[in-house]
Every structure is written in C-alpha cells, then in structure tokens.
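Take a look at the letters that make up each chain.
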Amino acid sequence: MWCFGVPMFNSFEPQVLFQEVPDHISLCFTITGCPLRCKGCHSKDTWPSSAGTHLSDDRFNHYLNQYSQYVSCVLFFGGEWCLEALCSKLKKARESGMSTCLYTGLNDVPDTLKSLLTYIKTGPYIRTLGGLENPNTNQRFIELANGQVLNIKFQESSLNATT
C-alpha cells in the first residue's frame, strides 16, 4: 500500500482500551504518519511515517484472531490519509463481526470510509475547547447508523470519575 507516495501503513503495537468507544472494549491501532500535526497534539510520536511497524493484512488478521474473544470494536487512531489501506482493514474487521471506529482530527471524511465505520470521532483537538468530556468541545463522537452525537457519554463518564 502506498500512502502519500510512501509504501507503508504503519502502526504501534495495538492496545486494548475501555474508554474510547462507549459500551465497547476496543482493539486500538495507532497509525503513524499523521500529516495533520494538530497544535497541542499529545501524540507527536505518531507524526513520522517511519515510526511503528508495517500493519500488513497478515499482521492485522493475526491481531483480530488473537483478540476476537475479548473485544467488540476495532478502533483506528488516524490512518484516513491512507484511505485504501484503512478501508481494507475496516472491511476485514466488519467481516469478523466487529464494530469499527475512527478517531480523526478532520471535521469530515469521505463517504466510502464512513460506510465502513460504526462510529467516528471528528475534529482537531483545540486545547481551549477540550476533548469529548468537555461540553464546549469542537469534537464530535458520532454513531453513524443514526447520526446521533454521543458526546454526552464521555461527559457522563467524566462526571462519574470525579464524584
């Protein structure tokens, strides 16, 4: 796969996460080579496209098989800049019966990508507006089947954590 003229679709080792997709345990892939470079980014280590390891179809399938009994969603932090590679992985995840999610700093993505997603988090991080737990955020976490914005679930979790 080629991404911006570079033959790679790299990620860091996946993690199992509990908070990023409400009501799901997610297998998360952090894709490297992010061209957005949002001000205040907490993941600058993902900017170089050479960081991480190539996420081949075989490697991705291995992780899906390894974690299939423990997770219900596959989450990608980034990767929309490598549309073909990302769509290929999302199709495989859906064929495996998983929900799918993308966290992007963009305000929108192509419909071809949305058609493979269950959820999407959109919007760049703006420090003064905060993240999904802040009612004033510019970011939106959307369930694509019905267009429902689920930010309230993050705000409720934040409130519960402080009480």
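The structure we're discussing is the one just above.
Residues numbered from 1 in each chain as written. Predicted model: local features only at pLDDT ≥ 70, side-chain atom pairs only at ≥ 80, totals over all residues. Heavy atoms only, no water.

**Here's the deal with the nonpolar core**
In step 1: Within the largest apolar cluster, 28 residues are counted, with the highest numbers of intra-cluster contacts made by Phe9, Phe29, Phe60, Val74, Phe76, Leu102 and Leu113.
In step 2: Those elements giving two or more residues to this core turn out to be β3 (26–30), α1 (57–67), β5 (73–77) and α2 (83–95).
In step 3: Excluding residues within four positions of it along the chain, Phe76 makes contact with Phe9, Phe29, Ile31, Leu55, Phe60, Leu86, Lys89, Leu90, Cys101, Leu102 and Tyr103.
In step 4: Within the second largest apolar cluster, 12 residues are counted, among which are Cys28, Tyr119, Leu132 and Phe141. (Core = buried A, V, L, I, M, F, W, Y, C linked by side-chain atoms within 4.5 Å. Buried < 20%, exposed > 50% of the residue type's maximum accessible area, 1.4 Å probe, protein only. Helix = DSSP H or I, 4+ residues; strand = E, 2+ residues; numbered from the N terminus. Contact = heavy atoms within 4.5 Å.)

**Let's talk about the pattern of salt bridges**
In step 1: This structure, assessed with the given rule, holds five salt bridges.
In step 2: For Asp23, the salt bridge goes to Lys153, with nearest N and O atoms at 2.8 Å. Taken together, the residues Asp23 in the loop between β2 (15–17) and β3 and Lys153 in helix α4 (residues 151–162) connect sequence positions 130 residues apart.
In step 3: Residue Lys153 is classed as partly exposed on the basis of its relative accessible area of 31%.
In step 4: A salt bridge links Lys114 to Asp111, with the nearest nitrogen and oxygen atoms 3.8 Å apart. Taken together, the residues span about one helical turn, with Lys114 and Asp111 both in helix α3 (residues 111–114) at a distance of three residues.
In step 5: Judged by relative accessible area, which is 60%, Asp111 ranks as exposed.
In step 6: Salt bridges here are not isolated pairs; linked through shared partners, they connect Asp108, Asp111 and Lys114. (Salt bridge = Lys/Arg side-chain N within 4 Å of Asp/Glu carboxyl O.)

**Re the sheet that holds β3**
One key point about sheets: their strands pair by backbone hydrogen bonds, in either a parallel or an antiparallel sense.
In step 1: On the basis of which strands lie adjacent, the open sheet formed by seven strands has the order β2-β3-β5-β6-β7-β8-β9 and mixed pairing. Each of the sheet's edge strands pairs with one partner strand only, and the pair in question is β2 and β9 (148–149).
In step 2: Along the sheet, α1 contacts β2, β3 and β5; its crossing angle with β3, the most-contacted strand, is approximately 155°. (Pairing = 2+ DSSP bridges. Axes fitted to C-alpha atoms, helices over the stretch in contact; angles between N-to-C directions.)

**Section: the layout of surface pockets**
In step 1: Approximately 1,100 Å³ is the volume attributed to the largest pocket.
In step 2: Together, 41 residues line the largest pocket, and His42, Phe77, Tyr103, Lys121 and Gln139 are the ones closest to its centre.
In step 3: No other element matches the five residues that α4 contributes to the lining of the largest pocket.
In step 4: Residue composition of the lining of the largest pocket, by class: 17 nonpolar, 16 polar and eight charged. (1 Å grid on protein atoms, 1.4 Å probe; cavity = no way out; pocket = protein on both sides within 12 Å on 5 of 7 lines; lining within 4 Å. Points joined across faces, edges and corners; volume = space filled by probe spheres on them. Nonpolar A, V, L, I, M, F, W, Y, C, P; charged D, E, K, R; others polar.)

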